[in-house]
Amino acid sequence: MSMNSMYLPLLWCQQQHKCDAFTPGQYIHIPPDLRTNINMGGGSCGVCDAVASMTCGGCGTMHYCGKEHQRQHWPQHRTQCPPYKMISSPEAGRYLVASRRLPAGQVLVEEQPLAVGPLSISELVCLGCHGPIIGDDFPRCPECWWPLCSLECASSSLHQAECPILATDVKHIGPPTTQMETLRYDVILSIRCLLLKSKDPTAWQTLMSMEHHSEQRQLNQEDNQVVTVRYMSEVLKLDYDIETLHQIRAAIATNGMEIRSEKNTRVRAMYPMVRLFNNSCVPNVHLSCGVEGTMQARTTVPIKIGEPLCICYTGALMPAWERYDTLTKTYHFTCNCTRCEDPTELGTYFSCPRCPDCTGCYMLSSTWLDETVWRCPTCKLEKTDTQVREDINDWLQRILMDDIFNTFKRAKATLQEVEDQFHAQHYVWMRAAHSALYQLCDNNTEPALKLRIKIWKKLVYLYSVLEPGLTKRRGMTLLEMGIIMLRAAKLEYDEGDPFMPEFLKQLQEISEYLKEATQILQLEPVGTRGPALAQRAEEKRAEAEEFLHRLDSSSVRAE
Ligand SMILES: C[S@@+](CC[C@H](N)C(=O)[O-])C[C@H]1O[C@@H](n2cnc3c(N)ncnc32)[C@H](O)[C@@H]1O
């Protein structure tokens, strides 16, 4: 594990209490010199440049030769002192923890990527602009022969530096030949990172300090690790030693984040700070990507001092076995977060099959290792992991069938069937619920609206357990649910004579959901769909309030 020494003596901020005064949505700009200090894990005194023996206990990024200079620097540093610091452990490497109490919605980081490039396995994508490439008759760069969306992109700034390197492959072994998804793009981001060595030495230092698991990746003959490095070394004859080539390729596999390009293709990016968030399958930090790949990280729940700040590498809505596979194979660790340690996954039974013999019992996994056995805690009946996964895959195949949820009756019956097999918050139930909502989205009859509302409410609860707090998913779910509830309420009012006190309470509830949706979606950065969705939520909330006031005043008049 490539860990930098972070065991410098800590000097606690004397005025730490002042740093608590952050409100949701605020963020602190972390200047590049602080980022460098985080990357390097040490440094010189922030005042006199002498060798530093002490570190600001609040953030761990500013170093000082002694107390005198720390005190002198505080008025300047307090506005920039990030609300987290980096610590490390032999098991988890470096990671960020809160250095003060943080409210939900606090922006922690906003940063640009160091490098962006195609995914390791990618559809055809233009190296000049990351735009999609359509059809078989696509243009190619006249120098390096890689596919482009138009010939103008051959001279784009993104492609300029790598083009002569790629052009050394005179036999065109590397460039993709067909429209098929291909592994050949894997090399591009590695080259873009390697080019930073001369172009941006600070960024290069950051890349070289990233966790990589290079040795294990080579030992396991991981997909593309060996092939890409051989291509760079033997075909492109890059002037870097083989270990550096392996390390950069492996650092991308460990730290690269999938984002959407400006042209809406899937690409991956390397971030200097965001890569320091460790994993928890119940994350407390939410990432949103805005304009030109700017990544924003914000808290989703209130966080105590010293609590690790974590994102979920796999996505929190993945079942246990998929999280386990990805975390062990791609990230080379076994997760021991509260959810992974709890066989019921925080009471959701998200991955557990029902016991076929006992009513109301769910089979629990015995261990996190590959040889998991699922066992009923009551009758001790066992199923192998393979059996459990096969059952689930059969169900997932069924869920994909077009006509299984396309009428209210079918959707209701199929969801009931799923609940007979699995817990009502199981992963398969969630996938079935998503499909049912999708297929019923134009069905605005009263029973279908009622079913949709029931499903949304259950999903809101499930998400709040697995991915708690102010996430974009919660904001969008509350918006969708609020809109449907408002539609159902209007239908009920038009078609009948609802019991007014209950009905007004229901409208109040809708208004609350839409208010929360607005507040959450407003936290999304500019350049995402967040602000427009927040506006829609606010408009719908105003509509619900207006309806409520109209009914409220007419019911008062009637009395
Ligand atoms: C993107 S990096 C995160 C920063 C990293 N810890 C470091 O020292 O640079 C991902 C790597 O961090 C480690 N890691 C992340 N979350 C972990 C966790 N919950 N438990 C153990 N190791 C973890 C794994 O080695 C993983 O491959």
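Conventions and cut-offs
- Residues numbered from 1 in each chain as written.
- Predicted model: local features only at pLDDT ≥ 70, side-chain atom pairs only at ≥ 80, totals over all residues.
- Heavy atoms only, no water.
- UniProt positions renumbered as here; feature names shortened; annotations may be inferred.
- Helix = DSSP H or I, 4+ residues; strand = E, 2+ residues; numbered from the N terminus.
- Pairing = 2+ DSSP bridges.
- Contact = heavy atoms within 4.5 Å.
- Axes fitted to C-alpha atoms, helices over the stretch in contact; angles between N-to-C directions.
- Near = heavy atom within 4 Å.
- Polar contact = N/O pair within 3.5 Å; in protein donor to acceptor, adjacent residues only side chain to side chain.
- Areas by Shrake-Rupley, 256 points an atom, 1.4 Å probe, with all protein chains shown as cover.
- Nonpolar A, V, L, I, M, F, W, Y, C, P; charged D, E, K, R; others polar.

Novice: Explain the UniProt feature "domain: SET" (unreviewed entry) in the chain here, please?
Specialist: Per the UniProt record, "domain: SET" (unreviewed entry) is found at residues 82-314. Span residues 82-314 is 26% helix and 19% strand, its end C-alpha atoms 27 Å apart.

Novice: When you look at the sheet that holds strand β15 (residues 373-375) in this model, what are you seeing that I'm missing?
Specialist: Sheet strands associate in pairs through backbone hydrogen bonding, adopting either a parallel or an antiparallel arrangement. One open sheet accounts for 3 strands, arranged β14-β15-β16; its pairing is antiparallel. With partners counted over all chains shown, the strands left at the sheet margins are β14 (364-365) and β16 (382-384), one partner each. Sitting on the sheet, helix α12 (residues 385-399) is in contact with β15 and β16, with an inclination near 75° to β16.

Novice: How do you make sense of the sheet that holds strand β8 (residues 257-260) when you look at a structure like this?
Specialist: What the 3 strands build is an open sheet, ordered β7-β9-β8; its pairing is antiparallel. Each end of this open sheet is capped by a strand with a single partner; those strands are β7 (115-118) and β8. The average undirected angle you get between the axes of adjacent strands in this sheet is 40°. Inspection of the sheet shows β7 paired to strand β9 (residues 266-270) by 4 bridges, in the antiparallel sense. The residue bridging Val 116 from the neighbouring strand is Ala 269, located in β9. Packed onto the sheet, helix α9 (residues 242-255) meets β8 and β9 and runs at close to 110° relative to β9.

Novice: Any chance you could explain the site of the ligand here in plain terms?
Specialist: Around the ligand, a shell composed of 15 residues is seen, among which Arg 94, His 213, Asn 278, Asn 279 and Tyr 331 lie nearest. Between the ligand and Arg 94 there is a distance of 2.7 Å, counted from a nitrogen atom to a backbone nitrogen or oxygen. Contact between the ligand and His 213: an oxygen atom at 2.8 Å from a side-chain N or O atom of the residue. Out of a free accessible area of 560 Å², the ligand has 95% covered by protein chains. For the shell around the ligand, the secondary structure elements donating two or more residues are β5 (93-98), α9 and β10 (278-279). When the residues that make up the shell around the ligand are grouped by side-chain class, the tally is 5 nonpolar, 6 polar and 4 charged.

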